[in-house]
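Each chain, letter by letter, is given below.
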Amino acid sequence: MIRRSRSAALAGERALYKRAISRTYADWPLVEVCARAVVTAGTFQFVRISAGGIAPVPLRLAAFEAALQGKPASAAVIAEAARQATSGAKPLR
């Protein structure tokens, strides 16, 4: 049995789903990311990020979430959080 956790959207929440594919729309994604966030006064108040296609099951990216929580919502902060979240990753060869 597959359990899916669903929670109602929070006030001010925004969500986004993106996927990278190799050729056509019908292809399986190489990677897919789902992000939920609430930004108040320019600061991340709530962040949830998960990725699929990188492991046998979708993964919640807790290190990425933690690096954003309470920080200003800027491109520089997001880029630094992504760098921190991928440190130690071991790509398949």
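All values derive from a computational prediction rather than experimental measurement.

Reading the values: the criteria
Residues numbered from 1 in each chain as written. Predicted model: local features only at pLDDT ≥ 70, side-chain atom pairs only at ≥ 80, totals over all residues. Heavy atoms only, no water. Helix = DSSP H or I, 4+ residues; strand = E, 2+ residues; numbered from the N terminus. Pairing = 2+ DSSP bridges.

Brief notes about the environment of glutamate 80
Structurally, glutamate 80 can be placed in helix α2 (residues 75-86). Residues glutamate 80 and alanine 67 lie 13 residues apart in sequence; the distance between their C-alpha atoms is 8.2 Å.

Quick look at the sheet that holds strand β4 (residues 59-60)
If you walk across this open sheet you meet the four strands as β1-β2-β3-β4, and the pairing is antiparallel. Each having just a single partner strand, β1 (13-20) and β4 make up the two edges of the open sheet. Pairing of strand β3 (residues 43-52) with β4 involves two bridges; the strand directions are antiparallel. Among the inter-strand pairings, alanine 51 is bridged to a residue of β4, identified as leucine 59.

Remarks on the pairing of β3
A regular strand places its side chains so that they alternate between the two faces of the sheet. Pairing of strand β2 (residues 31-40) with β3 involves nine bridges; the strand directions are antiparallel. Note on β3: the bridge partner recorded for glutamate 32 is glycine 52. Hairpin connection, β2 to β3: the antiparallel pair is bridged by two residues, and alanine 41 has positive phi, about 55°. Counted along the chain from β3 to the antiparallel partner β4, the turn is six residues long, and its residue glycine 53 has a positive phi close to 85°.

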